[in-house]
Amino acid sequence: MKHHAAYGLAMEDIDAVVVEDSKPMQTILRSILLSFKVSRVRVFDSVDDALEASLAEPPNVILTDWRMEPTSGYQFLRLVRHRHMEPLCYVPILFITAHGTRPLVDKALRAGAHHVLVKPVSPSTLFKRLQWLMADERPMILEHSGFYNIYGIQKTLDEQAEKLQSLAGARLHHKIAIQKRAEVEEVVEEEFDRAPKVEPDKKEEIFAGVKKGGTTAKHSAAARHIRNAEYVKSKDLKLH
C-alpha cells in the first residue's frame, strides 16, 4: 500500500494539473491555485493532452471537470487509476463539476476520486479541500480488477448508503403513521357528526354533577339537605 502523491506536501510544493474544456473556468482555477502559491499549474483543454503531459511529468494533484468530450472526466479517472499507469495511478483527483448529484458523487468516489466539488467553487473551499487532501493518510491499494483505489472507501460508502436507506425508511414509516392517524381522526369526526343531538329542553336536570332518579336521586336529596342546612346556619348567624 502506498500514499497518494500529495500526501504530506506543503502547498508550495504542489504541482497541479487542471483539465477543463471551458476557457473562463480554466482562467478562474489557474488564478485561484496561483494565489495559493503552489509550485506549478498546468492547464489542458482535453483529457488526451492532460494524460500525455501527466505521464511525462506526473503532477501531485489533478483537478478535472466531469462532463467533457470526447473523453469524460470519469473515463480519465479510470485511465489514471489503472495499474499500468504507475506512478500516475497514485495521483489524487478532485472533480469540479456543475452536476454534483448524489449518484455522481458515489460513482466518482467508488472509482477512486478523492473529492467532488460543485461549481462555482470558492477559493476558500478549494484551499480547505487541498489542505484536507495533503493530510489524507488513506493509502492507495490495488484491487482485483487491476485498478488502484482508496483503502476502505467501498466500505465507507456502503455504510453511508445503508444509513441513508435506514433514514429514508424511517421517514417513510413516519409518513405512513401520520396518514393513518389522519384517517382515524377523520373516521372519529364522522362518527361524532352522525351521533344524535340532545335538545336543550330534554336534558336531564343535573345537581352537584349527579342525575335524578334511582340511586342517584338519593345523592341529590342528600346534597339538597346539606345545602338547606348551610342556608339555615347562615341565617342564624345573621340574626345573632
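Bear in mind that the values here come from a model prediction, so they are computed numbers and not experimental data.

Draft legend 1. Inspection of the overall build of the chain at higher detail. From N to C terminus, the chain includes 7 helices and 9 strands. When burial is assessed residue by residue, the chain has 33% of its 240 residues classed as buried. Considering only intrachain contacts with a sequence separation of at least 6, the fraction spanning at least 24 residues in the chain is 65%. Summing over all exposed atoms, the chain offers an accessible surface of approximately 15,600 Å²; the carbon and sulfur share of this is 56%.

Draft legend 2. Structural context of the side chain of T71. Counting through the fold element by element, T71 comes out in the loop between β3 (61-64) and α3 (73-81). Residues contacting T71, with those up to four places away along its chain left out, are V47, D48 and F76.

Draft legend 3. Focus on the pattern of salt bridges. In total, this model carries 8 salt bridges according to the counting rule given. Taking the shortest distance from any N to any O, the salt bridge between R110 and D106 comes out at 2.9 Å. Of this pair, R110 and D106 both sit in helix α4 (residues 102-110), separated by 4 residues, roughly a single helical turn. On the basis of relative accessible area, R110 is assigned to the partly exposed category, the value being 23%.

Draft legend 4. Fine view of the packing of helix α2 (residues 47-56) against α3. One way to put it is that α2 packs onto α3 with a least axis distance of 11 Å and a crossing angle of 20°. It follows that α2 is roughly parallel to α3 by the angle criterion. For the crossing formed where α2 meets α3, the hand is right-handed. The segment α2 lies against α3, with V47, A50 and L51 engaging F76, L79 and V80. Split into classes, the residues belonging to the contact of α2 with α3 amount to 6 nonpolar, no polar and no charged.

Draft legend 5. Here's a closer look at the pairing of β3. Here β3 shows no split at all, with V61 and L63 on one side and I62 and T64 on the other all buried. Where strand β1 (residues 15-19) meets β3, 4 bridges bridge the pair, whose relative direction is parallel. Following the sheet pairing, A16 is matched in β3 by V61. Across 3 bridges, the pairing between β3 and strand β4 (residues 93-97) is parallel. Each bridged residue has a counterpart across the sheet, and for I62 the counterpart in β4 is I93. Following the chain from β3 across α3 to the adjacent parallel β4, one finds a crossover that is right-handed.

Draft legend 6. Broad picture of unusual backbone geometry. Of note, the amide linkage connecting E86 to P87 takes the cis form, showing an omega dihedral of 10°. Within the element layout of this structure, P87 appears in the loop between α3 and β4. Cis geometry marks the peptide bond from K119 to P120, where omega comes out at -5°. Within the element layout of this structure, P120 appears in the loop between β5 (115-118) and α5 (123-134). You will see that K37, though not glycine, has its phi angle at about 70°, which is positive.

Draft legend 7. Representation of the packing of helix α1 (residues 23-35) against α5 within the structure. It is the contact of α1 with α5, at a shortest axis distance of 10 Å, that shows an interaxial angle of 60°. Judged on the interaxial angle alone, α5 and α1 are oblique. Classified by chirality, the crossing of α5 by α1 is right-handed. Each of L29, I32 and L33 in α1 lies in contact with α5, whose residues at this interface are P123, L126 and L130. Residue classes in the contact of α1 with α5 are distributed as 6 nonpolar, no polar and no charged.

Draft legend 8. How the structure looks around the sheet that holds β1. Strand order in the open sheet formed by 5 strands is β2-β1-β3-β4-β5, and the pairing between neighbours is parallel. Each end of this open sheet is capped by a strand with a single partner; those strands are β2 (40-44) and β5. On average, each strand axis in the sheet is inclined to that of its neighbour by 20°, with strand direction left out of account. Where α1 meets the sheet, its contacts fall on β1, β2 and β4, and the angle it forms with β2 comes to roughly 170°. Across the sheet, α3 lies against β1, β3 and β4, angled at about 180° from β4, the strand it touches most.

Procedures and definitions
Every residue gets a number counted from 1 within its own chain, in the order that chain's sequence is written. A pLDDT threshold of at least 70 governs which residues receive local features in this predicted model, and a stricter bar of 80 or more applies before side-chain atom pairs are shown or counted, although totals over entire chains, interfaces and linings include all residues. By convention in this description, side-chain values take in all heavy atoms of the structure and omit both hydrogens and water. Helix and strand definitions here come from DSSP, where helices need a minimum of 4 consecutive H or I residues and strands a minimum of 2 consecutive E residues; each element is numbered from the N-terminal end. Relative accessibility thresholds used throughout: buried, under 20% of the residue-type maximum; exposed, over 50%; partly exposed, between the two (1.4 Å probe, protein chains only). We call two residues in contact when some of their heavy atoms are within 4.5 Å. For every accessible area listed, the method is Shrake-Rupley and the probe measures 1.4 Å; residues are considered covered only by the protein chains on display. Between Lys or Arg on one side and Asp or Glu on the other, a salt bridge is scored when a side-chain nitrogen of the former is within 4 Å of a carboxyl oxygen of the latter. Angles here are taken between N-to-C directions and fall from 0 to 180 degrees, while the axes themselves are lines fitted to C-alpha atoms, restricted in helices to the stretch in contact. For this classification, under 35 degrees means roughly parallel, over 145 means roughly antiparallel, 65 to 115 means roughly perpendicular, and everything else is oblique. Handedness of each helix crossing follows the sense of rotation of the near helix against the far helix: counterclockwise by less than a right angle gives left-handed, clockwise gives right-handed. In the scheme used here, Gly and all other residues not listed as nonpolar or charged are polar, with Ala, Val, Leu, Ile, Met, Phe, Trp, Tyr, Cys and Pro taken as nonpolar and Asp, Glu, Lys and Arg as charged. One bridge is not enough; two strands pair if DSSP finds at least two bridges between them. A right-handed crossover is one whose linking path, passing over the helix from the first strand to the second, runs clockwise when the strands point away from the viewer.

Honestly, it's all geometry; don't read function into it.
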